[in-house]
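Fold and contact review
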Amino acid sequence: MIKIGNAPCSWGVEFADDPRNPAWRKVLQENADAGYTGIELGPVGFMPEDPAVLGDALEEYGQELVGGVVFRPFHDAAKWDDVMDASVRTCKALQAHGAQHLVLIDSISPRRAPTAGRADEAEQMDNAEWAAFRDRIATIARMGAEEYGLTVGMHAHAAGFIDFEPELERLLAEVDENILKICFDTGHHSYAGFDPVAFMKRHIGRISYMHFKDIDPKVKAKVVANRTDFYDACAQGIFCNLGDGDVDFPAVRQVLLDAGFEGWCTVEQDCDPAGDTSPIDDAKLNRAYLQSIGFEGT
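Below, the structure is looked at part by part. Bear in mind the structure is a predicted one, so any value in this text is a computation, not a measurement.

Close contact between helix 3 (residues 80-96) and helix 4 (residues 127-147) brings their axes to 11 Å; oriented N to C, the two are set at 20°. Here helix 3 lies roughly parallel to helix 4, going by the angle between them. As for how helix 3 packs across helix 4, the hand of that crossing is right-handed. Across the interface between the two elements, Trp80, Val83, Met84, Ser87, Val88, Cys91 and Gln95 of helix 3 pack against Arg136, Thr139, Ile140, Met143, Gly144 and Glu147 of helix 4. Looking at the contact of helix 3 with helix 4 residue by residue, the classes come out as 7 nonpolar, 4 polar and 2 charged.

Here's what the structure looks like:
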């Protein structure tokens, strides 16, 4: 059975210390009010790290913790202590609540931000830098899988060094699939200029977790042409409601069904926390859309 959850980033929560963030209890309550029974942790530190406090709240709102994301600069060797700290804290939180999915994302790099969506122009690491970068990812993946019993997935992300399809495929070829799977984000794959459904068909055996995100093609064309900052692109609405963009979600569903995929898929509609949209209204619309195309586990 495919189950559908949501995530704090759909309420604009990207960084735990952003003063614009909604209260964590409000996110849990609105996620429940929108009809979802699963939610991600959000950036570590946004929700309480005391298991008793968060556990009581999850039970109060009828929520299951699905997974958590380590969105940190894996590309920057000088930031390793930050990467490790966030990874350990996230692993502990997920393990404490029986969540399964640890998602690794190389955060936005100033070296890559201007070429989001422009694979042919993007700066590439040299072989030595790539090997060290890959090994940092593999170290966290092994820790999550072997020390905490989590399913670890790599998530490609606009403006990081794992952005474009060839980079993700290179990483997958070089890191043991027993410790590193794929958290596949439909929207970021489209943002990068590649076909999400075609990638899924080739790699469905390694996809352990899904992020459902849609892309407004008009906004995408504009922000790629203008070399727009990722968060400005979010504020301009590049991530639209599911079904309103260029991702073929009926085809995504069919690939999952054909493969016998089971477990959670999470809606992520990154937005500006100070924007004009209503996160709970979008969450309801996204859930209704997924139900309309046959996702029953919502």
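This part covers the environment of Val255. Relative to the helices and strands, Val255 is located in helix 10 (residues 249-258). It is 30 Å that separates the C-alpha atoms of Val255 and Glu30, two residues lying 225 residues apart in sequence. Excluding its chain neighbours within four sequence positions, the residues that come into contact with Val255 are Val197, Met200, Lys201 and Ile204.

Across all of its chains, the model carries 12 aromatic pairs by this definition. Note on Tyr191 and Phe239: the rings are 6.3 Å apart at their centroids and 65° apart in plane angle, and the pair reads as edge-to-face. Here Tyr191, found in helix 6 (residues 186-191), pairs with Phe239, found in the loop between helix 9 (230-235) and helix 10; they are 48 residues apart in sequence, far enough to count as distant. In this structure, Tyr191 and Phe239 share a single accessibility class: buried. Centre to centre, the rings of Phe249 and Tyr289 are 6.3 Å apart; their planes meet at 80°, and the pair counts as edge-to-face. One end of the pair, Phe249, is in helix 10; the other, Tyr289, is in helix 11 (residues 279-292), with 40 residues separating them in the sequence. Comparing Phe249 with Tyr289 shows no difference in burial state: the two are buried. An aromatic cluster is defined as three or more aromatic residues linked by ring pairs; in this entry it consists of Phe15, Phe71, Tyr191, Phe230, Tyr231 and Phe239. Across the ring face of Phe239, the terminal group of Lys213 is positioned such that the distance to the ring centre comes to 5.3 Å.

Turning to the pattern of salt bridges, a few remarks are in order. Counting across every chain of the model gives 21 salt bridges. Of the charged contacts in the structure, one is a salt bridge between Arg20 and Asp272, with a shortest N-O distance of 3.2 Å. Of the two residues, Arg20 is situated in the loop between strand 1 (2-6) and helix 1 (24-33) and Asp272 in the loop between strand 9 (263-267) and helix 11; the sequence distance between them amounts to 252 residues. Take Arg20: its relative accessible area is 45%, and that puts it in the partly exposed class.

Moving on, we get to the packing of helix 4 against helix 5 (residues 165-174). Axis separation between helix 4 and helix 5 bottoms out at 11 Å; the angle between their running directions is 65°. The orientation of helix 4 relative to helix 5 falls into the category roughly perpendicular. Considering how the two elements wind past one another, helix 4 and helix 5 form a crossing that is right-handed. On helix 5, the residues that touch Asn127, Trp130, Arg134 and Ile137 of helix 4 are Glu167, Arg170, Leu171 and Glu174. For the contact of helix 4 with helix 5, the class distribution of residues is 3 nonpolar, 1 polar and 4 charged.

Counting residues in hydrophobic clusters, the biggest one holds 75 residues, and the most contacted among them are Leu104, Met210, Phe212 and Leu256. Sort the elements by how many residues they give to this core and helix 4 lands first, with 8 residues.

With that settled, consider helix 11. Between its first and last C-alpha atoms helix 11 spans 20 Å; for 14 residues at 1.5 Å apiece the expected length is 20 Å, and the two agree. Those residues of helix 11 that sit buried are Pro279, Ile280, Asp282, Ala283, Asn286, Tyr289 and Leu290. Elements in contact with the buried residues of helix 11: strand 1, helix 1, strand 8 (207-212), helix 10 and strand 9. Among the residues trailing helix 11, Gly294 stands out with phi positive, at a value near 105°.

Reading guide: rules and limits
- Residues numbered from 1 in each chain as written.
- Predicted model: local features only at pLDDT ≥ 70, side-chain atom pairs only at ≥ 80, totals over all residues.
- Heavy atoms only, no water.
- Axes fitted to C-alpha atoms, helices over the stretch in contact; angles between N-to-C directions.
- Helix = DSSP H or I, 4+ residues; strand = E, 2+ residues; numbered from the N terminus.
- Parallel < 35°, antiparallel > 145°, perpendicular 65-115°, else oblique.
- Left-handed = near helix turned anticlockwise from the far one by under 90°.
- Contact = heavy atoms within 4.5 Å.
- Nonpolar A, V, L, I, M, F, W, Y, C, P; charged D, E, K, R; others polar.
- Phe/Tyr/Trp six-rings, centres within 6.5 Å; stacked < 30°, edge-to-face > 60°.
- Buried < 20%, exposed > 50% of the residue type's maximum accessible area, 1.4 Å probe, protein only.
- Lys NZ or Arg CZ within 6 Å of the ring centre and 35° of its normal.
- Salt bridge = Lys/Arg side-chain N within 4 Å of Asp/Glu carboxyl O.
- Core = buried A, V, L, I, M, F, W, Y, C linked by side-chain atoms within 4.5 Å.
- Expected span 1.5 Å × (residues − 1).

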